[in-house]
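Structural characterization, general
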Amino acid sequence: VGTVAAVAAAAGRVYVGGSFRAVNGVLRAGVVALDATTGAVLPWDAQLVAMNAPANVSALAATPTRVYVAGFFQTAAGASRNRFAILDAASGAALPGALSASLADPQIANIEVTSARTYLYGGCRSGAWVVCAYDLDLNPLPGWTFPAPVSSTMAASDTALYVIE
């Protein structure tokens, strides 16, 4: 028993994130990949681990090659990742790209990914909840700023970012 907090789809897969430990009897902590046609649990496993509590996912986004996951966890696929990870969509392996190590408690409420950019809303910058822009490997885009505050509701295309204030 658990709750679902985020859903994303790409390349014939549906990724579901939330606070659960298993789906259809298959162990999956916080995020699972399902076949978009049959609903079957796929072998893909992010292996999220949190200390002192179950891992959970509060936001996610998917492309045909990557899955961006945010929530409460300290490791993903065996790699140290503080509440945010980029995972290989085929294998579940942790890919390079992490939030700044200077963020003690980063909380991300929304993730949007385009063909060239990743947008995060939340505590992605020290001291404030803002929209942050990165390349696909989570390198900050220099000189990019967005007026704050905004709500966690946003959507992105290759040419624009839409937010609700």
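Everything here concerns the structure above.
A brief look at the structure comes next. (Residues numbered from 1 in each chain as written. Predicted model: local features only at pLDDT ≥ 70, side-chain atom pairs only at ≥ 80, totals over all residues. Heavy atoms only, no water.)

**Remarks on the sheet that holds strand β11 (residues 108-113)**
- Strand order in the open sheet formed by 3 strands is β11-β12-β13, and the pairing between neighbours is antiparallel. Strand pairing shows two members of the sheet lacking a second neighbour, β11 and β13 (128-134), which therefore form its edges. Put simply, the sheet's adjacent strands are angled 25° from each other on average, direction ignored. (Pairing = 2+ DSSP bridges. Helix = DSSP H or I, 4+ residues; strand = E, 2+ residues; numbered from the N terminus. Axes fitted to C-alpha atoms, helices over the stretch in contact; angles between N-to-C directions.)

**Structural notes on the pairing of β13**
- Burial runs high along β13: 5 of the 7 residues are buried.
- Of the strand pairs in this sheet, strand β12 (residues 118-125) and β13 are connected by 6 bridges, and their pairing is antiparallel. Looking at β13, one finds that Tyr121 is bridged to Val131. (Buried < 20%, exposed > 50% of the residue type's maximum accessible area, 1.4 Å probe, protein only.)

**Description of the nonpolar core**
- Among the nonpolar cores identified, the biggest contains 22 residues, and Tyr15, Trp44, Leu48, Val67 and Leu87 are the most heavily contacted of them.
- For this core, the elements supplying multiple residues, two or more each, are β1 (3-10), β5 (31-35), β6 (56-62), β7 (66-72) and β10 (84-88). (Core = buried A, V, L, I, M, F, W, Y, C linked by side-chain atoms within 4.5 Å.)

**Brief notes about the sheet that holds β1**
- Within the open sheet, the 3 strands sit side by side as β1-β2-β5. Their pairing is antiparallel. Of all the strands in the sheet, the pair left with one neighbour each is β1 and β5. On average, each strand axis in the sheet is tilted by 25° relative to the strand beside it, whichever way the strands run.
- When β1 meets strand β2 (residues 13-19), the two strands line up antiparallel, connected through 7 bridges.

**Thoughts on the pattern of salt bridges**
- This structure, assessed with the given rule, holds 3 salt bridges.
- As a salt-bridge pair, Arg66 and Asp137 come within 2.8 Å of each other at their nearest N and O atoms. With a gap of 71 residues between them, Arg66 in strand β7 and Asp137 in the loop between β13 and β14 (154-156) connect regions that are remote in the sequence.
- Note on Arg66: relative accessible area 18%, which makes it buried. (Salt bridge = Lys/Arg side-chain N within 4 Å of Asp/Glu carboxyl O.)

**Digging into unusual backbone geometry**
- Positive phi, normally seen in glycine, also occurs at Asn52, with a value near 65°.
- When its relative accessible area of 82% is taken as the criterion, Asn52 is described as exposed.
- In this model, Ala77 sits at a positive phi of 50°, which is unusual for a non-glycine residue.
- Relative to the helices and strands, Ala77 resides in the loop between β8 (75-76) and β9 (79-80).
- Overall, Ala77 belongs to the partly exposed group, its relative accessible area being 25%.

**Section: the state of the cysteines**
- Tallied over the entire structure, the rule returns 1 disulfide.
- Each sulfur in the disulfide pair Cys124 and Cys132 lies 2.1 Å from the other. Measuring the twist about the S-S bond at about 90°, one finds the Cys124-Cys132 disulfide to be right-handed. Cys132 carries the same exposure label as Cys124, and that label is buried. (Disulfide = S-S within 2.5 Å.)

**Considerations on the environment of Pro140**
- Turning to its location among the elements, Pro140 is positioned in the loop between β13 and β14.
- A residue is classified by how much of its surface remains accessible, and Pro140, at 59% relative accessible area, is exposed.
- C-alpha of Pro140 to C-alpha of Arg117: the two residues are 23 residues apart in sequence and 9.7 Å apart in space.
- Beyond its immediate chain neighbours, meaning those up to four positions away, Pro140 contacts Ala133 and Tyr134. (Contact = heavy atoms within 4.5 Å.)

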